[in-house]
Structure formats: C-alpha cells, structure tokens
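# Commentary on secondary and tertiary structure
The primary structure of each chain is shown beneath.
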Amino acid sequence: MNNFFIAQTFGKSSNYTDIPNNLFKEHNVKKGLRNEDGTGVRVGLTRVSDVVGYEIEDGKKVNVPGKLYYRGIEIGDLVNGKNQERYGFEETSFLLLFGYLPSKKELREFTSTLSRNYHLPDEFLEKNMLRTPSRNLMNSLQQSILALYDYDEEPDNVDPYETLLKGINILAKLPSLSVYAYQSKVHYYERDSLIIHYPKPEYSVAENILYMLRRDGNFTEQEANLLDVMLMIHADHGGGNNSTFTNVVISSTGTDIYSAISASIGSLKGPKHGGANICCSEMIKAIEKEIGLKATEAQMKAVIQKILAKDFYDNSGLVYGLGHAVYTVSDPRADLLKVCCEKLAKQKNREDEYEFLTKFEKVAKAYLAGNGKTLSNNVDFYSGFAYNMLQIPEDMYTPLFVCSRMAGWLAHNIENKLYDGRIMRPATKYVGETISYKKREER
C-alpha cells in the first residue's frame, strides 16, 4: 500500500466529506444519541434494570445521588443482603434473567446448572486458544465466542428459550475462556510457564476465577467475596449502555447469540466503555509515581491541572474515574466498591494506597467543581485498586467485565426478542449535495 498516497488523498477528502457542526442543531440530530442537556435519547422499554443519575423537573435536568436498580431492587440492597455469603453473582444473574429473587432451592439448581457447563468442549483449549493466542484478551474472547458457534447443534436457533439456554452456557464458560486467554498470552508472548487449572464444580464463578488465575489456586474468603461483589455491580447497567445496546441492535436482525455477544465484547473493549478501567488504573499509577502516596492537596491539584492541560499521562485531558454519562452526584457502584476496598486494604496492609485514592477523589471533585464541573467518581475509580489487591493482572480487568456483563446482555437480548422484535433501523439525515456523474476522461 502506498501510504503517502492514501494520507494525501485522505487529507483532500475533507473538502468533500466535512459535516459542519451547526448542521446537527439545525436538523435536530442527536450526537451520540444524547440530548443537548446530556440526557439520553430513549430508544426502548425495559424491565431489566434502571440507572438513575438525574430527574426531570419542570422540563429541566436536576442532579440527584445515583441509583442502580436490578429488576426494581437497589444494587446496594443486593450486595448488603448477600453479606459474606457465596454465589452473589449467581443470585444476581438469576434475578436479571428471570425477574425475581430465587429461593434457596432455585439458587441451588441454578448454580448447579452453571457448574455443569463450566468446562469447555473437548480440545477447545488446545485448538482455539493455545495454538492461536492473541495479544489482546478481548479479541481472544470474541474469537472464542464465535468458535463456540461450531460446537452448537442449532447455533442459529434464536427462539427466546433456546437463546436463554445458549446464553447460560456462554455465561458459565466465560471465566475459563478469559483466564485461559490470559494464560495462553503470557505463555506464548512472555515465555512464562503455562499453568492451566480446570474449573471446580463446587466453586462459585468468583472463586473459580481466582482459583484458575493463580498458580497455587489459593484464595481467601474475603478475596472471593470482593470479586463476587465486583461481578454483581458490573452485571448490568440499563439498556442504553453501548455494549448492551449493541447486543440488542445486532440480535434484532435475527442473527445468532454468538454473533451478538461477540459484538458486545468488541464494544466493551473500547476505552470509552469497559476499557476505561485500565486507563484509570494506569493513570493512578502514573500520579502516584509523580507525586507519591504522601502527596499534599497542592501537589494533587497541580497534577490535575497538568492532566486537564493535556500535559500528563496520555495527554487526553481526561481525569479517568471521574464523570459519567448518567450519574451526576454519585455512582452507587463506586460507593459500594469503596467500602469493600477499605475492608480488604486493612487486611492486606495497603491503607496508604486506599487513603491516597480517597484523598485524590475528594481533591479532584472539589477542584473540578470550582471550575464549573460537577462530577461524581465512577466505578472505574476503585475497580483497578480492587483488582490489584486481588492480584489480578491489568489484562484481565475488561475480560472480567465481560464475565459479569454477560448476564445483563442476555437478559436484554431475551427481553427484546419477547416484547419488541423489530429490526433496529434508525434514520440519518443526508446533508450532502447531489452531484452529476462525470466520465473518467472528463475528470
């Protein structure tokens, strides 16, 4: 490919492709499917979950403390109700999929169904992962999900009940697919020893992830509880988040569940969505290295100024972990995770890092508020620290998001099949000119 020619032609193309910003307002087109005040454009109805970050009073947006509901139940009540019990994520998945909290017997049956589907098909690991490791685990997950299509006797059966069965099978296998993608990568690209632990049927999803990921397979009850909570709070976030919307858009064409899930993973990979957790973690590390854990408020403000001036970290001008498309005052997931992190930080003698995070959060919010911005922290702000305390490598952060969000994707996919069913086909407005065709010799 002649790169110079392509670069030159691409520069020239702006004369023919430019869409002036004023045209969006003139034609009442919503950029990013968002209204002028930042609220989302409604594109459907759902009973799966609700994200509340503001209220509309007398036609105006009013900021309120954030709430996240799964089937009408606050996420805080789910987490606090679970307490130290196992299978919090499994209970949450049942709630999202079936609409109500399971009895003890129903939860037992559901966890048993999941555990029977933990294992991958024979030779799947060798054929699809060890022989073709990927540098990016999210890409590997997409490939693995599409590969599962060929192990299904009726992969194109999109009946809602059949979709549920196929989706539960994927949900059960995602921890193995994620961990094995990581082990395959470090073995092939980093020449590290290959350690493969097969999932244990007596373990929960959270316990199996820690068991399969660690060389010695050991973990504490407190560690498993924290990961269980993280899976719970990431399980769904309304029908409007990008990866869930992607899933519903793709599946509305009548395509198979494997294609829809693969597309959702591609969406979640992006740094503006699920990939933000890694950006936030790396930013915090860079800040800690720059000013130290004992930094003063003045030092923190100085580094925030550098970030906003696009003169620090990735030069994006973004303070990762602060701000959200819906939440305005607070993110309930971040609040829950903050409490869990405080408990584990004490057990692991990492209070200094926890205190640095809480102080930086407070200083950053105050500084940004003084500059006319009201920003809550979001779930990414503490998730990196939580994963780090669990000895989970950064490469695994977003794949674990996939393991969790699969429950929400599946619930919305089935809901749309049952109660909407139309192909999603929004309209766009053509703002170009009508031009007469010229023969080649006349150009």
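As recorded in an unreviewed UniProt entry, the protein chain goes by the name Citrate synthase, listed as coming from Lacrimispora celerecrescens. According to the UniProt record, the Sequence similarities (unreviewed entry) comment for the protein chain is "Belongs to the citrate synthase family."

Counting across every chain of the model gives 14 aromatic pairs. Plain terms: the ring middles of F356 and F360 are 6.3 Å apart, the flat faces sit at 15° to each other, and that makes the pair stacked. With a gap of four residues between them, F356 and F360 both fall in helix 16 (residues 351-370), about one helical turn apart. Residue F356 is classed as buried on the basis of its relative accessible area, which comes to 1%. With relative accessibility at 0%, the residue F360 sits in the buried group. Taking 5.1 Å as the distance between ring centres and 75° as the angle between the ring planes, the aromatic pair formed by F381 and Y382 counts as edge-to-face. Exposure remark for Y382: the relative accessible area of 0% places this residue in the buried category. Put simply, the rings of F94, F98, Y100 and F110 touch in pairs and so form one group of aromatic residues. In this structure, K31 packs its charged tip against the face of F24, placed 4.7 Å from the ring centre. Above the face of the Y188 ring, R191 is positioned so that its terminal group lies 5.8 Å from the ring centre.

All right, on to the domain arrangement of the protein chain then. Each domain of the protein chain was delimited in the assignment, giving domain 1 (67-274 + 394-420) and domain 2 (276-390). Distance between the C-alpha centres of domain 1 and domain 2: 27 Å. Taken residue by residue, the interface counts 27 residues in domain 1 and 25 residues in domain 2. When domain 1 packs against domain 2, the two sides together hide about 2,300 Å² of surface, and 65% of this comes from carbon and sulfur. Contact with domain 2 buries surface across domain 1, with L226, E394 and Y397 losing the most and accounting together for 29% of the total.

This part takes up the UniProt feature "active site" (unreviewed entry) in the protein chain. The positions UniProt marks with the feature "active site" (unreviewed entry) are H324 and D380. Over a stretch of 57 residues, the named residues converge on one spot in the fold, their C-alpha atoms separated by at most 10.3 Å. Assignment of secondary structure puts H324 in the loop between helix 14 (297-308) and helix 15 (332-347). Residue contacts for H324: discarding those within four places in its chain leaves H237, R333 and N378. From its side chain, H324 meets the backbone nitrogen of V326 in a polar contact 2.9 Å long. Counting through the fold element by element, D380 comes out in helix 17 (residues 380-389). Beyond its immediate chain neighbours, meaning those up to four positions away, D380 contacts A276, N277 and C280.

With respect to the helices and strands, E415 occurs in helix 18 (residues 397-419). One polar contact links the side chain of E415 to the main-chain amide nitrogen of R47, over a distance of 2.7 Å. In contact with E415, other than residues within four places in its own chain, are L45, T46, R47, V48, R71 and D420.

Spatial strand order, 1-2-3: three strands in an open sheet with antiparallel pairing. A strand with exactly one partner marks an edge of an open sheet, and here the two such strands are strand 1 (49-57) and strand 3 (73-74). Note: strand 2 (residues 60-70) against strand 3, two bridges, orientation antiparallel. Within strand 3, the residue paired with Y69 across the bridge is E74.

This next bit is on the nonpolar core. Soluble globular proteins tend to bury their nonpolar side chains together. In terms of nonpolar packing, the biggest core is built from 112 residues, with F360 and I392 touching the most fellow members. Counting contributing residues, this core receives three or more from each of domain 1 (67-274 + 394-420) and domain 2 (276-390).

Opposite charge on two side chains permits them to pair, given that their charged atoms come into close proximity. A full pass over the atoms with the stated rule returns 15 salt bridges. Where K348 meets E223, a salt bridge forms, and the shortest distance between an N and an O atom there is 2.7 Å. You can see K348 sitting in the loop between helix 15 and helix 16 and its partner E223 sitting in helix 10 (residues 221-233), a full 125 residues away along the chain. Judged by relative accessible area, which is 27%, K348 ranks as partly exposed. Residue K365 is joined to E361 by a salt bridge in which the shortest nitrogen-to-oxygen separation is 2.9 Å. Pair noted here: K365 and E361 are both in helix 16, with a separation of four residues, about one helical turn. Using a relative accessible area of 25% as the deciding quantity, one classes K365 as partly exposed. It is possible to trace a salt-bridge network through shared partners that takes in R214, E223 and K348.

Conventions we followed
- Residues numbered from 1 in each chain as written.
- Predicted model: local features only at pLDDT ≥ 70, side-chain atom pairs only at ≥ 80, totals over all residues.
- Heavy atoms only, no water.
- UniProt positions renumbered as here; feature names shortened; annotations may be inferred.
- Phe/Tyr/Trp six-rings, centres within 6.5 Å; stacked < 30°, edge-to-face > 60°.
- Helix = DSSP H or I, 4+ residues; strand = E, 2+ residues; numbered from the N terminus.
- Buried < 20%, exposed > 50% of the residue type's maximum accessible area, 1.4 Å probe, protein only.
- Lys NZ or Arg CZ within 6 Å of the ring centre and 35° of its normal.
- Domains from an automatic or database assignment.
- Contact = heavy atoms within 4.5 Å.
- Buried area = accessible area lost by both parts, 1.4 Å probe.
- Polar contact = N/O pair within 3.5 Å; in protein donor to acceptor, adjacent residues only side chain to side chain.
- Pairing = 2+ DSSP bridges.
- Core = buried A, V, L, I, M, F, W, Y, C linked by side-chain atoms within 4.5 Å.
- Salt bridge = Lys/Arg side-chain N within 4 Å of Asp/Glu carboxyl O.

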